[in-house]
There are 2 protein chains.
Amino acid sequence: MTVRPYTKALDRLKSVGLRPTRQRLGLGKLLFEGGDRHVTAEDLHGQASQAGVRVSLATVYNTLNQFTEAGLLREVVVEAGRSYFDTNTSAHHHFFYESTGSLQDIPAEQVRVHNLPAAPAGTSVSRVDVIVRLRAGT
Amino acid sequence: MTVRPYTKALDRLKSVGLRPTRQRLGLGKLLFEGGDRHVTAEDLHGQASQAGVRVSLATVYNTLNQFTEAGLLREVVVEAGRSYFDTNTSAHHHFFYESTGSLQDIPAEQVRVHNLPAAPAGTSVSRVDVIVRLRAGT
DNA sequence: GTGATTGCAAATCTTTTGCACTAAA
DNA sequence: TTTAGTGCAAAAGATTTGCAATCAC
């Protein structure tokens, strides 16, 4: 069997109609071939450098936004002034470690949110986020 | 009965040991005497101007942060790069209107979150936020 | 080739900070 | 007085954008 390092990323790009450029493939590989991940633009830019993928920070931002619009990523906002991008796009929730700024998925099936008021007239629910903020200590 | 326009704000400031300066009183009055509110620093600065309370944007930021640290406000993060401050500091959740960027409280008693995994070892839950994101349309 | 994509630097936006000035106690 | 608080302008971060150069098709 041949090694096809970019296959998953390539397929994802194709499936959403984004031209598979060197940097999109490189970033896609980093994002999609390492299990579920939560990264900031800065994080990903650093990882790209280490992995030898040459890409500017501006392009990392643009790419993350394009991937998010295309539904390949999900943006998670838990802290003012910093966006996280989550490779897990299915319904789920998050633990947020306040001391380290890191995120951890909570499977959606596991959580039950009851008695939410109905969406106000003229609107519909696009997403329900549950964020469990954790502090260090007992 | 005498009119005591700053009473509520004054009491709150005293209760947390913040010196009641002209601008803190002015901002406090705007914040605490208008029912539950969700404001950004920019919002509040604008409202202060209109109300004739002269205060710089920097001081608005500083004041919002001090009030939040003192427990008079609660910071709500729903959008990247923008912080909302909520005058309702009791446990509750939020509707977020994506199209307008506005927030609406959902009373906590009304919502039941079941089966949340326990806080990981070495941590404890500081807060559980439920954000119901609404889009315009049905 | 031709249009999409990228890189870079500059621009934007929100928020914070340093410091001289002002006001509360 | 004495010390906390304020305003302003500059600084700091995160993110976006304009445009010429580059790459995918």
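Worth saying up front: this structure is predicted, and the values here are computed from it rather than measured.

Asks: Can you walk me through the relation of the copies chain A and chain B in this structure?
Replies: With an axial shift of 0.0 Å and an RMSD of 0.1 Å, the rotation relating chain A to chain B amounts to 179°. Each copy turns onto its partner about a two-fold axis.

Asks: Looking at this structure, I do not really get the interface of chain A and chain B. What am I missing?
Replies: You'll often see interface size given as the accessible area lost when the parts meet. Every contact between the two is made by 39 residues of chain A and, on the other side, 39 residues of chain B. Carbon and sulfur atoms supply 56% of the area that chain A and chain B bury against each other, a total of about 3,300 Å² over both sides. Three residues, A:V77, A:S124 and A:R133, lead the burial of chain A against chain B; their summed loss comes to 16% of the area buried on that side. On the surface where chain A and chain B come into contact, there are 2 salt bridges. We note a salt bridge from A:D129 to B:R133, for which the minimum N-O separation is 2.8 Å. Linking chain A with chain B are 18 residue pairs in polar contact (both at pLDDT 80 or more), by the criterion used here. The greatest single-element share of the side of chain A that touches chain B, amounting to 14 residues, is contributed by strand β7 (residues 123-136) of chain A. When its residues are assigned to classes, the side of chain A that touches chain B shows 20 nonpolar, 11 polar and 8 charged. Looking at chain direction, strand β6 (residues 112-114) of chain A and strand β6 (residues 112-114) of chain B are connected through 3 bridges and run antiparallel.

Asks: Help me understand the protein's contact with DNA strand D, please; the structure alone is not making it clear to me.
Replies: Taken together, 19 residues surround DNA strand D, and among them A:Y61, A:N65, B:T21, B:R24 and B:T59 come closest. For DNA strand D, the backbone makes up 84% of the atoms found within 4 Å of the protein, where backbone means sugar plus phosphate. One of the backbone nitrogen or oxygen atoms of B:R54 is found 3.3 Å away from a phosphate oxygen of DNA strand D. Broken down by secondary-structure element, the contributors of at least two residues to the surface near DNA strand D are α4 (57-69) and β3 (82-86) of chain A together with α2 (22-32) and α4 (57-69) of chain B. Considering each element in turn, the surface near DNA strand D owes the most residues, 4 residues, to α4(A). Taken together, the residues of the surface near DNA strand D sort by class into 5 nonpolar, 8 polar and 6 charged.

Asks: Quick question: what am I supposed to make of unusual backbone geometry here?
Replies: Where the residue is not glycine, phi is negative for most of them; where a peptide bond is considered, it is trans in most cases. With a phi close to 60°, A:N115 is a non-glycine residue in the positive phi region. Counting through the fold element by element, A:N115 comes out in the loop between β6 and β7.

Asks: Is there a simple way to explain the packing of aromatic side chains in this structure?
Replies: Residue and element names in this part refer to chain B. Applying the stated criterion to the full structure yields 2 aromatic pairs over all chains. Ring geometry for F32 and F67: centres 5.8 Å apart, planes at 25°, overall stacked. Here F32, found in helix α2, pairs with F67, found in helix α4; they are 35 residues apart in sequence, far enough to count as distant. As far as burial versus exposure is concerned, F32 and F67 are alike and both buried.

Conventions adopted
Residues numbered from 1 in each chain as written. Chains lettered and ligands numbered in written order. Predicted model: local features only at pLDDT ≥ 70, side-chain atom pairs only at ≥ 80, totals over all residues. Heavy atoms only, no water. Least-squares fit on C-alpha atoms with pLDDT ≥ 70 in both. Contact = heavy atoms within 4.5 Å. Buried area = accessible area lost by both parts, 1.4 Å probe. Salt bridge = Lys/Arg side-chain N within 4 Å of Asp/Glu carboxyl O. Polar contact = N/O pair within 3.5 Å; in protein donor to acceptor, adjacent residues only side chain to side chain. Helix = DSSP H or I, 4+ residues; strand = E, 2+ residues; numbered from the N terminus. Nonpolar A, V, L, I, M, F, W, Y, C, P; charged D, E, K, R; others polar. Pairing = 2+ DSSP bridges. Near = heavy atom within 4 Å. Phe/Tyr/Trp six-rings, centres within 6.5 Å; stacked < 30°, edge-to-face > 60°. Buried < 20%, exposed > 50% of the residue type's maximum accessible area, 1.4 Å probe, protein only.

As far as function goes, none of this settles anything; it's purely spatial.
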